[in-house]
Amino acid sequence: MMQEREIHLRDYIRVLKRRRYTVYTFFIIVLSVVLIGTLSSTPLYTASTKLLIERQFAAGLTTPYYYLPYDPEFYETQYQLIKSASVAERVIRMLSLPERHRYYFGKEGPKRGIISTIKGWFNMGSSSSEASGSASEEEMKMMYKNMIMGGIKVSPVKKSKIVEVSFESPSPLFAADVVNAVAKAYMEELMEMKMKSSKYKLQWLSKKAEEERKKLQRSEEALQRYMKENDIVTLENRIAIIPQRLTELSTELTRAEAKRKSLESLYQRIKKIVSEDIEKAETIPIIASDSTIKALRKEILEAEQNIMELSKKFGRKHPKMKRALSELEVLKKKKRQEIRRVIESIKTDYELAKANEMNLRRLLQKTKEEALRLNEKFIQYGVLRREVETNKQLFEALIKKIKEESVTEKIQTVNVWIVEEAKVPKVPTKPKKGLNILLGIIVGVLGGIGLAFFVEYLDNTIKTPEEAEERLGLPVIGMVSLVERSNGELEKMTLKETSSVFAENLKALRTSIFLSFADRPPKSILVTSPGPDEGKTTVASNLAIVVAQSEYSVLLVDADLRNPQLHKTFGLDNSEGLSTYLAGTSDIENIIQQGPLPRMSILTAGPLSPNPSELLSSKRLGDLIETMKKRYDMIILDSPPLMTVSDGVILSSVVEGTILVTKAAFTTYDIAMRAIKSLRDIKANLLGVVINSINLRKEEYYYYRYYGYYSAEEETEEKVMPQRFKWWFYLPITVAVIALLGLLLQNYFQRDIPERDSISEGIFEEGTSGISLKRYVITATVDIRKNPSTDSPVVGKLKPYITVMAAETEGGWYVVYSEEGRIMGYVPSEHLKPIE
């Protein structure tokens with residue numbers, strides 16, 4: 001059984017080298033997607049404010065000290081309230097949205113990136129509502145409402161009561177204004193909720209108090225009537241005494257019952273013993289402890305001792321002896337009488353205890369009935385009194401709560417303070433270009449490596465000789481390199497290119513075959529393969545050529561009677577051949593033809609036969625092989641694939657050795673192992689495996705280096721081709737890396753810092769005196785016009801977030817002044833925001 005080989009680090013490196021183009025492709029795709037998504041996405045600015053949210057419990061006037069219960073849902077409730085629709089609607093009203101849409105987003109509205117545009121294709125119904133120019137006011141309000149509700153993010157600051165509220169938007173001014181407005185709207189919403197709640201509570205409490213007052217009055221009147229009708233005053237004293245009496249009777253009854261049970265148990269035991277033998281009753285402690293019986297027992301003992309002493313002197317008929325025995329009998333009779341007396345006494349005690357228990361039980365039952373009668377009269381009184389007390393307490397509590405609510409109506413249950421107002425952000429927070437590109441590179445590399453190993457795991461084809469020998473259990477006796485070009489037909493390439501790597505591979509295979517037997521080379525060899533298109537005919541024909549070139553006589557036999565190819569390769573007549581010989585219609589001397597080399601002969605397959613398996617199973621094939629062994633040094637047979645027909649298995653039984661040809665990256669191990677099993681089942685002599693069409697440069701670079709040593713010309717040519725291919729492959733990657741570095745440098749040196757482009761000053765006249773100047777902030781990149789008209793030439797630009805001094809002119813234009821007081825030009829009003 002084969003032992004599992006330990007996986008070395010070189011094996012992983014070899015897999016990466018073999019699948020390097022998979023890694024390159026995945027890396028380029030991922031990096032391209034990340035670059036397109038990152039560089040085409042709209043920059044988003046985040047503005048944030050900090051709020052201190054503190055829970056406050058509104059204590060009552062009479063309860064200044066209170067316990068604040070734990071409420072884990074409190075802060076989450078406040079977060080949801082901040083992001084609620086009512087707060088968003090307040091923000092829309094406070095900022096006058098959508099009337100000021102152009103103020104924040106200009107005429108074109110928020111810019112959309114490529115990804116947003118693609119998403120918009122799948123949401124055609126909402127595209128009209130997002131366009132500021134064509135949407136109605138209600139649609140614009142709904143758009144802003146959804147934008148604010150979906151964009152507001154609330155995150156608590158750890159170990160504090162401070163909450164950070166943030167908002168993202170393509171317009172930094174819009175983000176800052178929305179966050180500040182949300183904080184104010186949230187505070188107003190809390191106050192309004194408290195006012196509405198207090199007002200409703202007071203109304204409800206007042207209405208409920210009036211109802212309870214009427215109920216209290218009715219219940220008091222009903223109680224007074226009942227007390228008068230049932231004389232409740234005298235009943236109270238009797239009801240107070242009866243429970244005490246019931247308790248005493250219950251206690252006495254319990255004692256009497258216990259005494260009765262004890263005497264009953266003792267009496268029953270005595271009766272049982274006396275029924276058997278009255279003498280045994282003396283064993284009962286209460287009888288044995290009786291003083292009379294104790295004295296009699298002592299006298300009887302003395303009498304028995306006296307009889308024992310007399311029995312030593314006299315016989316039983318002696319007068320003294322008779323008198324002593326008579327006295328003993330009298331004492332025993334008297335003892336029995338005393339025992340009966342004690343038993344009767346116990347019986348009497350038992351009957352008295354039983355009678356006492358029955359009397360107490362009757363008395364207790366009578367007392368209970370009396371108590372029930374009194375309770376029936378008094379129960380309604382209790383109901384009416386409790387109703388009066390309950391109504392009175394509820395009415396007093398409502399009056400107290402009304403007064404407290406009237407005083408504490410304006411006390412907030414939640415205190416909110418704005419700790420830090422939001423400022424206009426100057427740098428976009430998204431996309432994070434550097435981080436996205438770095439993650440794209442990491443994911444591209446790691447994902448490409450993972451994909452390479454996954455593809456390698458799924459690839460079950462033969463690739464390397466080491467792995468083939470390990471999994472197939474056969475030696476790899478030869479490797480035939482992949483020929484990307486050939487001047488002639490591949491089946492006879494070794495005729496012309498005798499010094500090529502391909503020819504050297506076949507010569508190495510020839511050497512392995514010659515050394516496969518210890519005493520002599522094999523005389524007959526079968527070249528077969530597991531399936532079609534794996535190069536067995538190419539290997540067989542070229543192997544025959546290199547054997548003939550080594551001064552050995554060789555016979556190449558085309559034993560593929562179903563799809564013969566050798567007569568086409570060498571241009572030979574196929575009217576007669578192996579099929580006609582096996583059928584008995586041709587002589588061996590007439591069907592063997594001369595090959596391209598003097599010591600090489602070829603036996604073609606002949607015409608197609610309807611039953612090739614039966615022909616190959618005939619005895620004439622074995623006779624032919626044995627006859628040809630005497631005339632040729634080696635016989636090479638080309639057979640059909642093993643897994644399609646049984647011809648190859650039949651042929652392997654008449655040759656000395658069989659070679660299994662596999663194709664690299666084509667033949668799977670499953671098919672190869674099934675082919676080997678079919679050959680081993682008939683005990684065929686398997687010389688080894690030949691790996692055909694193996695890319696030596698791709699699989700193992702050292703194979704190509706060693707094989708290329710024999711052909712300097714081909715080595716040079718085949719080395720130049722891969723280098724040229726790598727250059728064209730790496731060129732796009734190099735360009736992408738240079739472009740990426742350029743974008744990173746541009747992003748670093750051209751940050752969104754408020755700065756002013758160079759403007760040619762002095763080309764305008766001085767502004768007239770008396771103009772009211774105010775300070776404004778630029779909301780977007782704007783062109784400075786020479787005159788207040790869109791047709792006027794552009795004389796400069798102003799970037800966002802710049803503070804300028806300007807004065808309003810006619811037509812919605814503003815004249816902008818420099819810091820030195822010189823007129824810079826005119827800008828439209830929608831790009832200016834006044835600074836209060």
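In every chain, residue numbers begin from 1 and rise along the written sequence. Predicted model: local features are reported for residues with pLDDT of at least 70 only, side-chain atom pairs are reported and counted for 80 or more only, and whole-chain, interface and lining totals are derived from all residues. Note that water and hydrogens are dropped before the side-chain values are worked out from all heavy atoms of the structure.

Details of the overall build of the protein chain
And step 1. In terms of regular secondary structure, the protein chain is built from 27 helices and 19 strands.
And step 2. Any residue under 20% of the maximum accessible area for its type is buried, any over 50% is exposed, and the rest in between are partly exposed; the area is computed with a 1.4 Å probe on protein chains only. Taken across its 836 residues, the protein chain has 41% of its residues classed as buried.
And step 3. The method behind every accessible area is Shrake-Rupley, applied with a 1.4 Å probe, and residues are considered shielded solely by the protein chains displayed. Accessible area for the protein chain stands at about 48200 Å²; split by element, carbon and sulfur atoms hold 55% of it. By definition, any uninterrupted DSSP run of H or I lasting at least four residues is a helix, any uninterrupted run of E lasting at least two residues is a strand, and each is numbered from the N terminus.

As for the packing of aromatic side chains
And step 1. Each Phe, Tyr or Trp ring (for Trp, its six-membered ring) is paired with any other whose centre lies within 6.5 Å, and the angle between the two planes then decides the class: stacked below 30 degrees, edge-to-face above 60, tilted in between. If you walk through the whole model with that rule in mind, you get eight aromatic pairs.
And step 2. Their ring planes at 70 degrees and their centres at 5.2 Å tell us that Y776 and Y814 sit as a pair that is edge-to-face. One end of the pair, Y776, is in strand β13 (residues 774-778); the other, Y814, is in strand β17 (residues 813-817), with 38 residues separating them in the sequence. A single burial state applies to Y776 and to Y814, both of which are buried.
And step 3. Each member of the aromatic cluster is reached from another via a ring pair, and the members are F74, Y75 and Y79.
And step 4. It is R620 that lies over the ring of Y581; its NZ or CZ is 4.3 Å from the centre. Throughout this description, the term charge over a ring refers to an Arg CZ or Lys NZ atom that lies within 6 Å of the ring centre and within 35 degrees of the ring normal.

Some points on the pattern of salt bridges
And step 1. Throughout this description, the term salt bridge denotes a Lys or Arg side-chain nitrogen within 4 Å of a carboxyl oxygen of Asp or Glu. Evaluated as defined, the whole model comprises 28 salt bridges.
And step 2. A salt bridge links R260 to E357, with the nearest nitrogen and oxygen atoms 2.5 Å apart. Pair noted here: R260 is in helix α10 (residues 232-276) and E357 is in helix α13 (residues 319-407), with a separation of 97 residues, a long-range link.
And step 3. Of the residues examined, R260 reaches a relative accessible area of 15% and is grouped as buried.
And step 4. Classification of E357 by relative accessible area gives buried; the value is 5%.
And step 5. Linking E456 and K463 is a salt bridge whose minimum nitrogen-to-oxygen distance equals 3.9 Å.
And step 6. According to the relative accessible area criterion, K463 is buried, its value standing at 2%.
And step 7. Salt bridges sharing common partners tie together R18, R19, E456, D459 and K463.

With respect to the packing of helix α4 (residues 85-94) against helix α8 (residues 137-151)
And step 1. Between α4 and α8, whose axes approach to 9 Å, the crossing angle comes to 120 degrees. The angle between α4 and α8 falls in the class oblique. The two elements α4 and α8 meet at a crossing, and its hand is right-handed. Touching A85, A88, E89, V91 and I92 of α4 are K141, Y144, K145, I148 and M149, all from α8.
And step 2. Of the residues in the contact of α4 with α8, the class split is seven nonpolar, no polar and three charged. Where helices are involved, their axes are fitted lines through C-alpha atoms of the stretch in contact, as for all axes, and angles between N-to-C directions lie from 0 to 180°. The cut-offs work like this: below 35 degrees is roughly parallel, past 145 is roughly antiparallel, 65 to 115 is roughly perpendicular, and the gaps in between are oblique. Here a crossing is called left-handed whenever its near helix is offset anticlockwise from the far helix by less than a right angle, and right-handed whenever the offset is clockwise. Any two residues whose heavy atoms approach within 4.5 Å are treated as being in contact. Polar here means any residue outside two lists: the nonpolar Ala, Val, Leu, Ile, Met, Phe, Trp, Tyr, Cys and Pro, and the charged Asp, Glu, Lys and Arg; Gly therefore counts as polar.

Notes on the side chain of S169
And step 1. Examined against the element boundaries, S169 turns out to sit in strand β3 (residues 162-169).
And step 2. In this view, S169 contacts P43, L44, Y45, F105, F174 and A175; residues no more than four positions away in its chain are not counted.

Re a nonpolar patch on the surface
And step 1. Each patch is built from residues that are more than 30% exposed by relative accessible area and take part in no salt bridge. Like charges join if they lie within 9 Å; nonpolar side chains (Val, Leu, Ile, Met, Phe, Trp, Tyr) join within 5 Å. Together, L435, L438, L439, I442, V443, V445 and L446 make up an exposed nonpolar region whose accessible area comes to about 590 Å².
And step 2. Looking at the element boundaries, L446 is found in helix α14 (residues 433-458).
And step 3. Classification of L446 by relative accessible area gives exposed; the value is 55%.

Section: the confidence of the model for the protein chain
And step 1. Confidence per residue, as judged by the predictor, is encoded in pLDDT with a range of 0 to 100. Looking at the protein chain as a whole, the pLDDT averages 78, with 78% of positions reaching at least 70.
And step 2. In this model, residues 111-134 is a region of pLDDT below 50 whose contacts with residues beyond four sequence positions or in other chains number 20 contacts.
And step 3. Within the model, the stretch residues 700-725 combines pLDDT values under 50 with 33 contacts to residues more than four positions away or in other chains.

Remarks on the pairing of strand β5 (residues 476-481)
And step 1. The buried fraction of β5 is high, at six of six residues.
And step 2. For two strands to be treated as a pair, DSSP must find no fewer than two bridges joining them. Where β5 lies against strand β12 (residues 686-694), four bridges are found, and the strand directions are parallel. Paired with S481 across the two strands is I694, which belongs to β12.

Remarks on helix α2 (residues 20-40)
And step 1. Compared with an ideal rise of 1.5 Å per residue, which puts 21 residues at 30 Å, α2 spans 30 Å between its outermost C-alpha atoms and is within 8% of the ideal.
And step 2. Every buried residue belonging to α2 is among R20, V23, F27, V30, L31, V34, L35, G37, T38 and S40, and all of these are buried. Given a helix with a known number of residues, its expected span is that number minus one, times 1.5 Å.

Here's the deal with helix α3 (residues 74-82)
And step 1. Within α3, burial applies to F74, Q78, Y79, L81 and I82. Seen along its axis, α3 keeps its buried residues to an arc of 160 degrees; they face one direction. Read the arc as the range of directions from the helix axis to the C-beta atoms.

A few points about the packing of helix α1 (residues 9-18) against α14
And step 1. One can describe the packing of α1 onto α14 by two numbers: an axis separation of 10 Å at closest approach and a directional angle of 95 degrees. Judged by the angle between their axes, α1 and α14 are roughly perpendicular. Residues Y12, V15, L16 and R18 of α1 form the contact with α14, whose own contacting residues are I449, F453 and E456.
And step 2. Broken down by class, the residue content of the contact of α1 with α14 amounts to five nonpolar, no polar and two charged.

Observations concerning the pairing of strand β11 (residues 657-663)
And step 1. Across the seven residues that make up β11, a large majority, six, are buried.
And step 2. Here strand β6 (residues 524-528) runs beside β11; their pairing, made up of four bridges, is parallel. Paired with L526 across the two strands is T658, which belongs to β11.
And step 3. Read as a crossover between parallel neighbours, the route from β11 over helix α24 (residues 669-681) to β12 is right-handed. A clockwise path from the first strand over the helix to the second, with the strands pointing away from the viewer, defines a right-handed crossover.

Let's talk about the nonpolar core
And step 1. In this description, a nonpolar core means a group of buried Ala, Val, Leu, Ile, Met, Phe, Trp, Tyr and Cys residues linked to one another through side-chain atoms lying within 4.5 Å. Judged by nonpolar contacts, the single largest core of 40 residues is most densely connected at I152 and V182.
And step 2. Only β1 (45-55), α3, α4, α5 (101-105), α8, β2 (152-156), β3 and α9 (172-230) provide two or more residues apiece to this core.
And step 3. Take this core: its biggest share by element is twelve residues, from α9.
And step 4. Formed by 32 residues, the second largest nonpolar core is a distinct cluster that contains L509, V547, V554 and L566.

Points about unusual backbone geometry
And step 1. With an omega of -5 degrees, the peptide bond running from K430 to P431 counts as cis.
And step 2. The backbone of K159 shows a phi angle near 60 degrees, a positive value even though the residue is not glycine.
And step 3. Along the chain, K159 falls in the loop between β2 and β3.
And step 4. Residue K159 is classed as exposed on the basis of its relative accessible area of 89%.
And step 5. With a phi close to 60 degrees, A665 is a non-glycine residue in the positive phi region.

Comments concerning the sheet that holds strand β7 (residues 554-558)
And step 1. Strands sit in the order β5-β12-β11-β6-β10-β7-β9-β8 across an open sheet of eight strands; the sheet is mixed. The sheet is open, and its two edges are formed by β5 and β8 (592-594), each paired on a single side. When strand polarity is set aside, the average angle formed by the axes of neighbouring strands in this sheet is 25 degrees.
And step 2. Packed onto the sheet, helix α15 (residues 465-472) meets β5 and β12 and runs at close to 140 degrees relative to β5.
And step 3. Across the face of the sheet, helix α16 (residues 501-514) comes into contact with β5, β6, β10 (634-638), β11 and β12 while running at roughly 165 degrees to β5.

Focus: the side chain of Q593
And step 1. Relative to the elements of secondary structure, Q593 occurs in strand β8.
And step 2. Residue Q593 is classed as buried on the basis of its relative accessible area, which comes to 19%.
And step 3. Ignoring sequence-local partners within four residues, the contact set of Q593 consists of L572, D573, S601, I602 and T604.

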